[in-house]
Amino acid sequence: MKLIVGLGNPGKDYDGTRHNTGFYMIDNYLKYKGIDANWKSKFSGLYVDGIINGEKVLFLKPQKFMNLSGEVVRDYVNFFKIDISNIVVIYDDLDLNPGNFKLKCKGSSGGHNGIKDIEKNLGTNVFNRIKVGIGSIKNGNGPDYVLGKFSLDDQKLLKSVSDTINLILDDYFVHGFDFVLSKYNRKNK
């Protein structure tokens, strides 16, 4: 079983914000695959399950605020007995410009509170990640920036990245994360 986690904050106030990029990527993938987004609730998370490439996959949106996302991920991992190597976490990254993304299989949180909490709750920093650019430090790194909405230009870049992430996830389900890591990683523009 695989677990695809999109990070974000719950509630209408946060819809469409930079910090909810992970939620956006999950929603877009489900739509792309034609998977009915009939969200179920468990352990302070919303999830959809499906079969992709013959394997059960859970798509998860933690419904605790970003800095408590790890508690939700841990509860799903423990309940569904998911191996940490079968997790992919998709989230926003300030160090990458809009239109860019980076795949990693381990490393530091880079100051991202959701990733920090996942590391704490899983007891490791070795798990698969897809970081999606939301701006750069020069644009500001405070709450007002990450909780702000994308400009129209950045929305177009986000849609383009989302289309690529759909292909990354398709390849991941067939070939694994090492394959997508070598095929898709690219430098910032």
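Residues numbered from 1 in each chain as written. Predicted model: local features only at pLDDT ≥ 70, side-chain atom pairs only at ≥ 80, totals over all residues. Heavy atoms only, no water.

**With respect to the overall build of the chain**
What counts is decided by this rule: Per the convention used, a helix needs a DSSP run of H or I reaching at least four residues, while a strand needs a run of E reaching at least two, with both numbered from the N terminus. As defined in this context, the radius of gyration uses C-alpha atoms, and a globule is described by 2.2 Å times the residue total to the power 0.38. Throughout, exposure labels follow a simple rule: accessible area from a 1.4 Å probe, protein chains only, divided by the maximum for the residue type, with under 20% read as buried, over 50% as exposed, and the rest as partly exposed. The protein chains shown are the only cover counted for residues, whose accessible areas, like all others here, come from Shrake-Rupley with a 1.4 Å probe. Positive charges come from Lys and Arg alone, negative charges from Asp and Glu alone, with His and the N- and C-terminal ends not counted. We put the charge of a Lys on NZ, of an Arg on CZ, of an Asp on CG and of a Glu on CD.
When helices and strands are counted, the chain shows six helices and seven strands. Helices and strands appear in the chain in the N-to-C order β-α-β-β-β-α-β-β-α-β-α-α-α. Computed over C-alpha atoms, the radius of gyration of the chain comes to 15 Å, within 12% of the 16 Å expected from 2.2 N^0.38 for 189 residues, which places it in the range of a compact globule. Burial statistics for the chain: of 189 residues in total, 52% are counted as buried. On the chain, roughly 8800 Å² of surface is accessible, and the fraction owed to carbon and sulfur atoms is 50%. Averaged over its 27 positive side-chain charges, the chain has a centre that lies 2 Å from the centre of its 21 negative ones.

**Regarding the nonpolar core**
The condition is simple: Definition of nonpolar core: a set of buried residues of the types Ala, Val, Leu, Ile, Met, Phe, Trp, Tyr and Cys, connected through side-chain atoms within 4.5 Å. Any two residues whose heavy atoms approach within 4.5 Å are treated as being in contact.
I4, F59, I90, I130, I165 and F173 are the most contacted members of the largest nonpolar core, which totals 26 residues. Among the secondary structure elements, those contributing two or more residues to this core are α1 (21-33), β3 (45-52), β4 (55-62), β5 (87-93), β6 (101-104), β7 (128-133), α5 (152-175) and α6 (177-184). Tallying contributions element by element places α5 first for this core, with seven residues. In this structure I165 touches M25, I90, I130 and V132, once residues within four positions along its chain are discounted. If you look at the next biggest cluster of nonpolar residues, it comprises 20 residues, including L7, Y47, L60 and I118.

**Focus: the environment of T17**
Position of T17 among the secondary structure elements: in the loop between β1 (2-6) and α1. Separated by 132 residues in sequence, T17 and K149 place their C-alpha atoms 4.4 Å apart.

**Details of the sheet that holds β7**
Worth spelling out the cut-off: At least two DSSP bridges between two strands are needed for those strands to be called paired. For every element, the axis is a line fit to its C-alpha atoms; helices are fit only across the contacting stretch, and the angle between N-to-C directions ranges from 0 to 180 degrees.
Within the open sheet, the seven strands sit side by side as β2-β3-β4-β1-β5-β7-β6. Their pairing is mixed. If you trace the sheet from one side to the other, it starts and ends with β2 (40-42) and β6, each paired once. Ignoring which end each strand starts from, the neighbouring axes of this sheet average 25° apart. Relative to β5, β1 is paired through four bridges, and the arrangement is parallel. Within the sheet, the bridge partner assigned to G6 lies in β5 and is I90. The strands touched by α1 are β1, β3, β4, β5 and β7; relative to β4, the strand with the most contacts, the crossing angle is about 145°.

**Brief notes about the pairing of β4**
Extensive coverage of β4 is indicated by the burial of six of its eight residues. With four bridges joining them, β1 and β4 adopt parallel strand pairing. When the sheet's bridge partners are listed, K2 is paired in β4 with V57. Across eight bridges, the pairing between β3 and β4 is antiparallel. The residue of β4 that forms the bridge with Y47 is L60.

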